[in-house]
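# An overview of the molecular structure
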Amino acid sequence: MAKSTSGSFDLKEPPPWQSCQYCLSPASARTDQSPPQQQWPTHEQQPHQQQQQQQLFLFKNTAEFARHLRQQHCTVEGGSYVCRYGYNGVCSSLPLDGVSDRDYDMHVTRCHVNAQQKEPHVKWSVFSAAQNLPAVLNDPSRGKQSNFFTKKWGDAFVEGASIGASPRLADIRWDQFDPYLKRIGKRYRVHTRIANVPTANATSQQALVSDRLPNGATASLKDIPEVFLKQNLELHRPATFAAAFAGIGTEGGEQTRQSSRQLQERLSHYLDIVEVLIAKQVADKSSAFFHAMTSQDAIMEQMADALANVKRLRGKIQQIDDMIVKESLQVIRAERIRANNNLVLEKLKLMSTVHQTQPMIQLLLSTQDYVAALDLISTTQEILGQELTGVHCFRHLPSQLCEMELLIDKMLKTDFERYSTADLNRPFPTDASEERVLEEDKLICIISGLLRKRSLDFIDTYRDEAITTVRAIVKQLVIEVIASGDAEVCLTGAGEEAQSLSLSEWILLLESATGTLLKLLRRIRAVHDVMQQTADASAGRLTDDVSFIDTEAFLSAADYAVVQDKLANLLQSVCNYCHERCANLVSNQSLEKSSVSAEQIAQLAQIVERFTDGCQEACGVQSVPLKLALCAQGNRFALKFHTERKSKLALLLDSERWKQAEVPAEFQTMIDCIARGDFNWSKPVLNGSQHQTNGVTPAPPQSVLKVEGEPFALVGAALLLVQIVSEYCRCASQLPVIAPQLGRNVVDLLRMFNSRCCQLVLGAGALHVAGLKTITSSNLALVSRALELVLWLLPHVKRHFRSLDSSSASALVSVNNNNNTTTTSGTTGSLTNGGSHSISTTGPVSSAGYDSVEKDFVSHIKEIENKVLSIVCDVVTGQLNNWDARPPVPSQPFRNISRQFVKLHEAIAPILPEKQVHTIYRTVQRNFKDKLREQLLKNNITNNGGPQHGVVVSELTFYMETLRTLRAMPVAELHDDTMDDIWLK
């Protein structure tokens with residue numbers, strides 16, 4: 001036990017600071033050895049040298065050990081101390097880090113002086129391995145290992161699992177063994193003393209074999225030199241040879257012969273000692289040899305007894321097998337034979353039943369019971385595959401059943417196609433109430449068979465047939481309309497008119513087509529309902545139809561979901577295609593070639609609305625292609641409307657001089673109506689000479705525009721912008737169909753106005769376009785007020801367009817839901833694309849557009865305010881950098897600052913509201929304080945009442961008097977004590 005659990009050193013081992021472990025290592029010992037050509041030390045000199053080295057590296061106290069470590073095992077690198085006390089000159093506690101002198105002393109005291117003694121370094125060999133390499137590499141629980149080539153072999157080759165202390169085991173300490181050691185120690189000493197007393201047998205044994213040599217001396221290994229007792233006696237080494245054969249090779253023949261004779265005698269003496277000791281050892285172990293022979297005889301007797309017992313046990317087991325087990329096995333074998341015979345009988349009955357399958361299938365097909373026939377085929381195939389596998393007489397029956405099943409599938413598809421064509425192409429009754437499903441029982445049988453066969457494509461087949469019928473109906477109606485006219489018209493392959501029908505003919509054709517297609521959609525809806533009821537009954541759903549009472553549920557939930565999706569897509573696809581075919585009748589140039597009146601647009605809208613409502617009533621879905629075709633014409637008008645006014649506003653902005661303009665009375669009236677939410681005011685006469693109306697003299701122009709009591713000084717472009725936006729709102733009220741497009745155009749117009757104002761004023765574009773000499777603070781203020789007026793106008797415009805959209809919100813939601821519907825016509829792309837673009841961005845998207853414009857305007861106003869502040873702050877910074885606290889007072893820099901403040905106030909006070917002027921000057925004063933504080937700190941001026949402090953106070957008094965004169969800020973913020981915070985506390 002080298003160390004106790006408390007960390008204290010054992011009394012048998014010296015403390016670690018008493019000797020240097022690495023100065024006494026074998027490496028250092030080999031380093032200190034002399035070269036090979038020097039004389040090798042004799043056997044008697046080696047212990048003396050080791051004793052001198054041990055005395056050299058033994059320390060009396062910890063101070064000497066620490067001094068030795070600092071001198072021999074420490075290096076100084078750049079003023080830092082690196083500890084080298086460790087294996088290969090690397091300290092395990094402080095490997096590569098350099099520390100200060102004080103920290104190095106603390107490290108030596110903690111880690112080397114007071115550390116527990118470590119085990120000496122032992123050279124690694126194969127016997128030190130803690131793991132078995134083949135067992136580690138072939139461990140089946142770890143699978144394929146990819147990183148063992150990069151690991152070093154040793155006890156850390158396999159990750160060791162940390163095993164915590166068991167809660168069931170008590171914590172055992174060394175002091176708990178003290179009572180036991182005290183109690184047993186006395187007995188052990190007595191036992192040792194008795195064991196050392198020679199007995200009679202030992203005396204007789206020693207008498208037989210003695211350790212006495214022939215000369216009477218006692219044989220002992222201590223008399224043999226240590227060199228002969230080593231494991232490897234390497235006589236080729238000079239030192240080993242000299243130690244073994246001392247005196248060989250010296251000068252003198254007689255002395256050489258005597259030395260050889262003495263050496264031979266000495267070696268013979270060593271041989272006698274070894275022989276005597278080997279004989280004594282064999283004699284001491286003779287009792288063990290006799291004991292082993294005695295034990296071998298006893299084992300042989302025990303083996304003979306065991307062999308007799310095994311023979312007796314096997315005989316008894318044979319008797320039990322003959323008397324009890326064999327008869328029971330005979331009973332079990334007979335029962336198994338009877339069960340096999342019963343199975344053969346059941347197989348024969350099943351084969352007789354399967355033999356009658358084909359005639360039964362023919363009987364079921366004759367009664368159009370396709371479901372029962374398919375069930376019988378499926379059941380028979382299942383029996384053949386599970387119960388009758390390998391029966392030779394039925395080897396061709398599975399292929400025959402598969403062919404019959406394919407034949408039934410083909411019959412079902414052919415019958416359904418014939419039924420669809422006959423049902424969709426029969427004439428329409430005069431009275432809509434007389435519409436009935438054609439041969440409903442036959443249709444139910446066909447659909448049930450298709451569902452049982454899981455041929456769910458019949459719904460797509462019916463949809464394609466319905467689309468073909470719609471195409472034929474529209475083509476026939478176009479031919480009838482063209483035949484009624486005198487003009488020669490060329491038809492396209494799809495049956496559309498080639499852009500030569502008049503607007504009245506087009507309206508008549510559209511009205512006739514929508515009425516006929518509505519009747520077709522009601523017929524398709526009736527067939528759809530029969531398909532739905534059949535699918536519900538096939539899936540086990542409850543139905544009220546008597547025809548489905550005895551129907552067995554065979555349709556899975558997944559297939560039923562597919563059928564539901566296909567049926568829903570059937571009505572939606574056909575309805576959308578009807579709308580698309582009607583929309584194809586509207587050519588892109590038909591409305592542009594003729595002047596369209598409001599009544600005609602209303603008539604078209606009424607036809608479209610009536611057809612849309614009829615489709616929604618018949619099919620439960622709302623399609624939009626026809627609406628989109630109508631919206632496309634309105635969007636062209638809206639685009640032309642927007643292009644004209646956008647160009648007009650752009651030309652006015654380019655020619656704007658950015659000076660305050662007078663506000664005519666008509667604009668004041670327009671703003672008052674907009675504030676009340678009314679955009680339908682009578683358009684004023686702004687061009688030409690002003691004249692009296694009804695004997696009343698019109699009001700003279702005003703210098704500012706009053707918006708809810710707040711004055712706005714504006715430029716002419718801002719007034720025109722308000723008038724143009726008002727025209728957009730009036731047009732949207734008159735034509736709600738294009739209201740979303742007009743709403744987006746308003747957003748685009750406002751965004752263009754904002755960006756163009758930024759380019760002309762902040763970007764100084766007006767210097768080149770309008771010929772201005774410079775951009776003044778007044779110009780910036782006028783632009784800011786124009787933007788603020790637009791910000792006031794935005795909520796009213798947004799509310800107006802939102803009220804127009806709310807009336808058709810439900811229709812627009814349905815449009816958005818149906819925009820992703822798959823269409824089968826490729827000739828309607830030009831109509832539907834534009835329409836979907838104009839309708840899909842309503843509601844929240846429009847609100848987002850207005851919010852984005854509002855953010856842009858607010859950001860622009862902030863940039864203008866920052867531009868004004870940057871101009872003033874640059875002047876203040878430049879003047880304060882040249883200022884020094886010396887007479888005269890006020891100094892020239894402070895006079896220039898006051899003059900700049902007066903100019904700024906004269907430029908923005910008549911334009912901006914008083915609150916905004918106060919905000920600007922408040923920011924300017926904050927910047928002035930910061931710059932002045934920096935200047936005072938730079939010049940080391942404090943509020944100590946000195947001459948420089950008095951100059952600063954006088955300057956500030958002049959500065960504050962200027963602000964009071966201008967009334968640039970509220971009176972409460974213009975006291976002299978507001979400047980006290982410029983002094984550092």
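Refer to the structure presented above.
All of the points below concern the structure found in this document. (Residues numbered from 1 in each chain as written. Predicted model: local features only at pLDDT ≥ 70, side-chain atom pairs only at ≥ 80, totals over all residues. Heavy atoms only, no water.)

Here we come to the overall build of the chain. When helices and strands are counted, the chain shows 30 helices and four strands. With 985 residues in all, the chain has 35% of them scored as buried. For the chain, the share of sequence-separated contacts (at least 6 apart) that also reach a separation of at least 24 residues comes to 75%. Put simply, the chain shows about 59900 Å² of open surface, and 54% of that area lies on carbon and sulfur atoms. (Helix = DSSP H or I, 4+ residues; strand = E, 2+ residues; numbered from the N terminus. Buried < 20%, exposed > 50% of the residue type's maximum accessible area, 1.4 Å probe, protein only. Contact = heavy atoms within 4.5 Å. Areas by Shrake-Rupley, 256 points an atom, 1.4 Å probe, with all protein chains shown as cover.)

The next thing to look at is the side chain of Thr 612. On the secondary structure map, Thr 612 appears in helix 18 (residues 598-619). Looking at Thr 612, its side chain comes within polar contact range of the main-chain oxygen of Val 608, at 2.7 Å. Ignoring anything within four residues of it in the chain, the contact list for Thr 612 reads His 579, Gln 622, Ser 623 and Lys 627. (Polar contact = N/O pair within 3.5 Å; in protein donor to acceptor, adjacent residues only side chain to side chain.)

A few words now on the pairing of strand 2 (residues 80-83). For strand 1 (residues 74-77) and strand 2, the ladder comprises four bridges, and the chain directions are antiparallel. From the neighbouring strand, Thr 75 faces strand 2, where its bridge partner is Val 82. (Pairing = 2+ DSSP bridges.)

Right, let's get into the nonpolar core. Residues Phe 901, Tyr 921 and Phe 928 are the most contacted members of the largest nonpolar core, which totals 98 residues. Looking at this core element by element, the count peaks at 14 residues for helix 24 (residues 777-806). When residues of this core are assigned to domains, at least three map to each of domain 3 (637-682 + 701-812 + 847-866) and domain 4 (882-983). Among the nonpolar cores identified, the runner-up in size contains 77 residues, and Leu 365, Ile 482, Met 531 and Cys 619 belong to it. (Core = buried A, V, L, I, M, F, W, Y, C linked by side-chain atoms within 4.5 Å. Domains from an automatic or database assignment.)

Tallying each qualifying case throughout the model produces 22 salt bridges. A salt bridge links Arg 70 to Asp 105, with the shortest nitrogen-to-oxygen separation between them at 2.5 Å. Of the two residues, Arg 70 sits in helix 3 (residues 62-72) while Asp 105 sits in helix 4 (residues 101-113), which places them 35 residues apart along the sequence. Here Asp 105 falls in the partly exposed class, since its relative accessible area comes to 36%. (Salt bridge = Lys/Arg side-chain N within 4 Å of Asp/Glu carboxyl O.)

It is worth spelling out the packing of helix 15 (residues 458-484) against helix 17 (residues 557-584) at this point. Any two packed helices are characterised by how steeply their axes cross, that is the angle between the axes, and by the distance between the axes. One way to put it is that helix 15 packs onto helix 17 with a least axis distance of 10 Å and a crossing angle of 10°. Our classification of the angle between helix 15 and helix 17 gives roughly parallel. The handedness of the crossing between helix 15 and helix 17 is right-handed. For the pair helix 15 and helix 17, the contacting residues are Ile 459, Asp 460, Tyr 462, Arg 463, Ala 466, Ile 467, Val 470, Arg 471 and Val 474 in the first and Val 563, Lys 566, Leu 567, Asn 569, Leu 570, Ser 573, Val 574, Tyr 577, Cys 578 and Arg 581 in the second. Looking at side-chain class alone, the contact of helix 15 with helix 17 contains twelve nonpolar, two polar and five charged residues. (Axes fitted to C-alpha atoms, helices over the stretch in contact; angles between N-to-C directions. Parallel < 35°, antiparallel > 145°, perpendicular 65-115°, else oblique. Left-handed = near helix turned anticlockwise from the far one by under 90°. Nonpolar A, V, L, I, M, F, W, Y, C, P; charged D, E, K, R; others polar.)

This next bit is on the side chain of His 73. Along the chain, His 73 turns up in the loop between helix 3 and strand 1. Filtering out sequence-adjacent residues up to four positions away, His 73 remains in contact with Cys 20, Tyr 22, Cys 23, His 68, Val 82, Cys 83, Arg 84, Tyr 85 and Tyr 104.

A separate point is the packing of aromatic side chains. Centre distance and the angle of the planes are the two values used to describe a pair of aromatic rings. Scanning the model with the defined rule gives twelve aromatic pairs in all. Pairing Tyr 81 with Tyr 104 gives two aromatic rings, centres 5.9 Å apart and planes at 25°, and the pair type is stacked. Placement of Tyr 81 in strand 2 and of Tyr 104 in helix 4 is noted, with a sequence separation of 23 residues between them. For Tyr 104, a relative accessible area of 1% puts it in the buried group. Each ring, one from Phe 416 and one from Phe 458, has its centre 5.4 Å from the other, and the planes form 85°; the classification is edge-to-face. You can see Phe 416 sitting in helix 13 (residues 397-424) and its partner Phe 458 sitting in helix 15, a full 42 residues away along the chain. Look at Phe 416 and you get buried, because its relative accessible area is 2%. One aromatic cluster is present, formed by Tyr 22, Phe 59, Phe 65 and Tyr 85 through successive ring pairs. Above the face of the Tyr 81 ring, Arg 70 is positioned so that its terminal group lies 5.3 Å from the ring centre. It is Arg 785 that lies over the ring of Phe 712; its NZ or CZ is 3.9 Å from the centre. (Phe/Tyr/Trp six-rings, centres within 6.5 Å; stacked < 30°, edge-to-face > 60°. Lys NZ or Arg CZ within 6 Å of the ring centre and 35° of its normal.)

So, on to a nonpolar patch on the surface. A cluster of nonpolar side chains, Ile 320, Met 323, Ile 324, Val 325, Leu 329 and Ile 332, forms an exposed patch at the surface whose accessible area comes to about 580 Å². One can find Ile 320 in helix 10 (residues 286-355). (Patch = residues over 30% accessible without salt bridge, like charges linked within 9 Å, V, L, I, M, F, W, Y side chains within 5 Å.)

With that settled, consider helix 12 (residues 370-386). For helix 12, with 17 residues, the first-to-last C-alpha span of 24 Å sits near the 24 Å given by 1.5 Å per residue. Every buried residue of helix 12 is listed here: Tyr 370, Val 371, Ala 373, Leu 374, Ile 377, Thr 380 and Leu 384. Against the buried residues of helix 12 lie helix 10, helix 11 (357-366), helix 13 and helix 14 (440-452). (Expected span 1.5 Å × (residues − 1).)

A word on the environment of Val 853. Examined against the element boundaries, Val 853 turns out to sit in helix 27 (residues 844-881). We classify Val 853 as buried; its relative accessible area is 1%. C-alpha of Val 853 to C-alpha of Leu 750: the two residues are 103 residues apart in sequence and 7.2 Å apart in space. When neighbours within four sequence positions are excluded, Val 853 is seen to be in contact with Val 747, Leu 750, Arg 751 and Leu 794.

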